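Structure at a glance
Letter by letter, the chains look like this.
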Amino acid sequence: MGLVVQKFGGSSVKDAECLRRVAGIITNTYKAGNNVIVVVSAQGDTTDDLIEKAKEISKNPSKREMDMLLTTGEQISASLLAMTIAEMGYPAISLTGWQAGMMTNSTYSNSRIKKINPERILAELDKKNIVIVTGFQGINKYDDMTTLGRGGSDTSAVALAAACHADLCEIYTDVDGVYTTDPRIAPNAKKLDEISYDEMLELASLGANVLHNRSVELAKKYNVNLCVRSSITGAEGTIVKEVTTVESMMVRGIAKDNDVARISICHIEDTPGKAFRIFSLLAKHNINVDIILQSIGRENTKDISFTVNEGKLQEALDIIENNKDVIGYGELSYTTEVSKVSIVGAGMVTNPGVAAKMFEALYDASINIHMIATSEIKVSVLIDEGLENLAVRAIQDKFELV
Ligand code: ADP
Ligand code: ASP
Ligand code: MG
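The structure reproduced in this document is the subject of the present report. (Residues numbered from 1 in each chain as written. Chains lettered and ligands numbered in written order. Predicted model: local features only at pLDDT ≥ 70, side-chain atom pairs only at ≥ 80, totals over all residues. Heavy atoms only, no water.)

Some thoughts on helix H4 (residues 119–126)
Among the residues of H4, Ile-121, Glu-124 and Leu-125 are the ones counted as buried. Along the long axis of H4, the arc covered by the buried residues comes to 100 degrees, so they all point the same way. What points out from H4, more than 90 degrees from its buried face, is the exposed set Glu-119 and Asp-126. For H4, the secondary structure elements touched by its buried residues are strand S1 (3–8), strand S2 (35–40), strand S3 (92–95), strand S6 (130–134) and helix H5 (153–163). Following H4 by one or two positions, Lys-128 has its phi on the positive side, about 70 degrees. (Buried < 20%, exposed > 50% of the residue type's maximum accessible area, 1.4 Å probe, protein only. Helix = DSSP H or I, 4+ residues; strand = E, 2+ residues; numbered from the N terminus. Arc of directions from axis to C-beta. Contact = heavy atoms within 4.5 Å.)

Structure (structure tokens):
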């Protein structure tokens, strides 16, 4: 007997049939004597559909109103799931983010959880209710609804598991677990039995949307027992934990991210302090810079190129243009027609030649590399947009991650 948090993603709750299947998983866990907290996403493509509805009305809707709109998606699935479970003869109650005590900061559309006051949840568990909480949402200090960013229901689930000291947090989705890469891109991708928090965090941050990256961050911080598995097949999933027993597999996984843009600042005066100026300006505005490349100085000038998230591109360009005099450069250019492909593995650090093997795979596939970045556990390359799936498959085959 323990406390289990189970999260179900959009495809797992998309219609009545799926809701009944999910209710079966939940009630089986309950029947086995566990307390169960359930976190749900909006049904199917509901969140995308709501965003489309807003776009029909406004090009630039207020973020507060967007959060008010998007939080309705999760309320639909939570209430429907509570009804489904009740129909099966079990006690269930649905709670919104604010009823569940999910306190966030004030950043609409991309809030962070500050604190959870779980009293109501614990009281409902005491009454032997199955508690269903809307994922992806919370409430800020102004009593306004907030959302945690796309894919944020995973983070709601892990945060609740940490706050309520759950024994296990299960993320149910539409694949059997975490694979070496997206199995929809590379059908020969292999399911991993285990992956470390650090590797999973890198993969999620580099574009593998099977888990929201902040959910992994929280799981690591609070040592949450985390498992990713299928709501359809019942197969054993992937365990995400501190250290894995599969010793230092060179490359654990491959991720791609199309949501990147490259900015190039050319003919910068070749004197100390220029990089500092540029990147401190961007940091002050909370713009994350990823891959950075600086050319060797020639004729007293140099060029600096770097990547940012596509959503932050305009803001970054404005900052650089508005500070042209302070930075001192000749030309500013950008492109959004690039993608980032990365390999991740804790064993990489002790295995020279991993990067070379990745580059060979890209060469074999005739893919040109524009930029490269490496760290102890990852290598990322920037390539032309449209070639990323080909690149993922080529790397998957080269490393024989099968
Ligand atoms: P949910 O709605 O359940 O949250 P998501 O669509 O957010 O589901 O995440 C699951 C999807 O993540 C899978 O359908 C798969 O296409 C994609 N994915 C990307 N990278 C991976 C990976 N390495 N392993 C498994 N799935 C991945
Ligand atoms: N419904 C939200 C989204 O589509 C949150 C989630 O699914 O995790 O992004
Ligand atoms: Mg998701």
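Details of the nonpolar core
Counting residues in each nonpolar core, the largest one holds 42 residues, and the members touching the most others are Ile-37, Ile-121, Cys-169 and Met-200. In terms of residue count, H5 provides more of this core than any other element does, six residues in total. Beyond its immediate sequence surroundings of up to four residues, Cys-169 is in contact with Val-5, Ala-157, Val-158, Ala-161, Val-224, Asn-225, Leu-226 and Cys-227. (Core = buried A, V, L, I, M, F, W, Y, C linked by side-chain atoms within 4.5 Å.)

Thoughts on the site of ligand 2
Every residue near ligand 2 is listed here: Ser-41, Ala-42, Thr-47, Glu-74, Phe-136, Arg-150, Gly-151, Gly-152 and Ser-153. Taking Glu-74, its side chain carries an N or O atom lying 2.7 Å from a nitrogen atom of ligand 2. Ser-153 has a polar backbone atom sitting 3.0 Å from an oxygen atom of ligand 2. Classifying every residue of the shell around ligand 2 gives two nonpolar, five polar and two charged. (Near = heavy atom within 4 Å. Polar contact = N/O pair within 3.5 Å; in protein donor to acceptor, adjacent residues only side chain to side chain. Nonpolar A, V, L, I, M, F, W, Y, C, P; charged D, E, K, R; others polar.)

Some details on the environment of Thr-46
Inspection of the secondary structure puts Thr-46 in helix H2 (residues 46–57). Residue class for Thr-46 comes out buried when judged on its relative accessible area of 19%. For the pair Thr-46 and Gly-10, spaced 36 residues apart in the sequence, the C-alpha separation amounts to 8.2 Å.

Looking at the site of ligand 1
Residues in contact with ligand 1 amount to 16 residues; listed here are only the nearest, Thr-173, Asp-174, Tyr-179, Asp-182 and Arg-184. Contacts to ligand 1 include Lys-7, whose side-chain N or O atom sits 3.1 Å from an oxygen atom. The separation between an oxygen atom of ligand 1 and a polar side-chain atom of Asp-174 is 2.9 Å.

With respect to the pairing of strand S14 (residues 289–294)
Pairing between S14 and strand S15 (residues 301–309): four bridges, direction antiparallel. Each residue of the ladder has a partner; that of Gln-294, found in S15, is Ile-304. Following S14, the chain reverses through six residues before pairing antiparallel with S15; Glu-299 in that reversal takes a positive phi of roughly 45 degrees. (Pairing = 2+ DSSP bridges.)

A few points about unusual backbone geometry
Phi is positive for Asp-143, close to 65 degrees, though the residue is something other than glycine. With respect to the secondary-structure elements, Asp-143 resides in the loop between strand S7 (137–139) and strand S8 (145–147). Relative accessible area serves as the criterion here: at 60%, Asp-143 is assigned to the exposed category. Residues other than glycine seldom take positive phi values, yet Asn-300 does so here, at roughly 65 degrees. Among the structural elements, Asn-300 can be located in the loop between S14 and S15.

Thoughts on the packing of aromatic side chains
Here the distance between the centres and the angle between the planes together describe a pair of aromatic rings. All chains considered together, the criterion is met by three aromatic pairs. Aromatic pair Phe-8 and Tyr-172: ring centres 4.8 Å apart, planes at 15 degrees, arrangement stacked. In this pair, Phe-8 sits in strand S1 while Tyr-172 sits in strand S9 (residues 168–173), placing the two residues 164 residues apart along the sequence. With respect to burial, Phe-8 and Tyr-172 carry one shared label: buried. (Phe/Tyr/Trp six-rings, centres within 6.5 Å; stacked < 30°, edge-to-face > 60°.)

A closer look at the sheet that holds strand S16 (residues 331–344)
Taken together, the six strands give an open sheet; going across it, the order is S14-S15-S13-S16-S18-S17, and neighbouring strands pair in antiparallel fashion. Every interior strand has two partners, whereas the edge strands, S14 and strand S17 (371–375), have only one. Averaged over all pairs of adjacent strands, the angle between strand axes in this sheet comes to 30 degrees, irrespective of strand direction. The strands touched by helix H8 (residues 274–284) within the sheet are strand S13 (253–269), S14 and S15, with S15 carrying the most contacts at an inclination of about 20 degrees. (Axes fitted to C-alpha atoms, helices over the stretch in contact; angles between N-to-C directions.)

Topic: the pattern of salt bridges
Across all of its chains, the model carries 21 salt bridges by this definition. Where Arg-150 meets Asp-48, a salt bridge forms, and the shortest distance between an N and an O atom there is 3.1 Å. Here Asp-48 lies in helix H2 and Arg-150 lies in the loop between S8 and H5, a separation of 102 residues in the sequence. The exposure class assigned to Asp-48 is partly exposed, which follows from its relative accessible area of 35%. Note that Lys-312 is salt-bridged to Glu-315, the shortest N-O span being 3.8 Å. A single salt-bridge network, built from bridges that share partners, covers Arg-64, Glu-65 and Asp-144. (Salt bridge = Lys/Arg side-chain N within 4 Å of Asp/Glu carboxyl O.)

Here we look at the packing of H2 against helix H3 (residues 63–87)
Look at H2 against H3: their axes get within 9 Å of each other, and the N-to-C directions meet at 145 degrees. H2 and H3 meet at a crossing whose hand is right-handed. On the side of H2, the interface is formed by Thr-46, Thr-47, Leu-50, Ile-51 and Ala-54, while H3 contributes Met-66, Leu-69, Leu-70, Thr-72 and Gly-73. Its residues assigned to classes, the contact of H2 with H3 comprises six nonpolar, four polar and no charged. (Left-handed = near helix turned anticlockwise from the far one by under 90°.)

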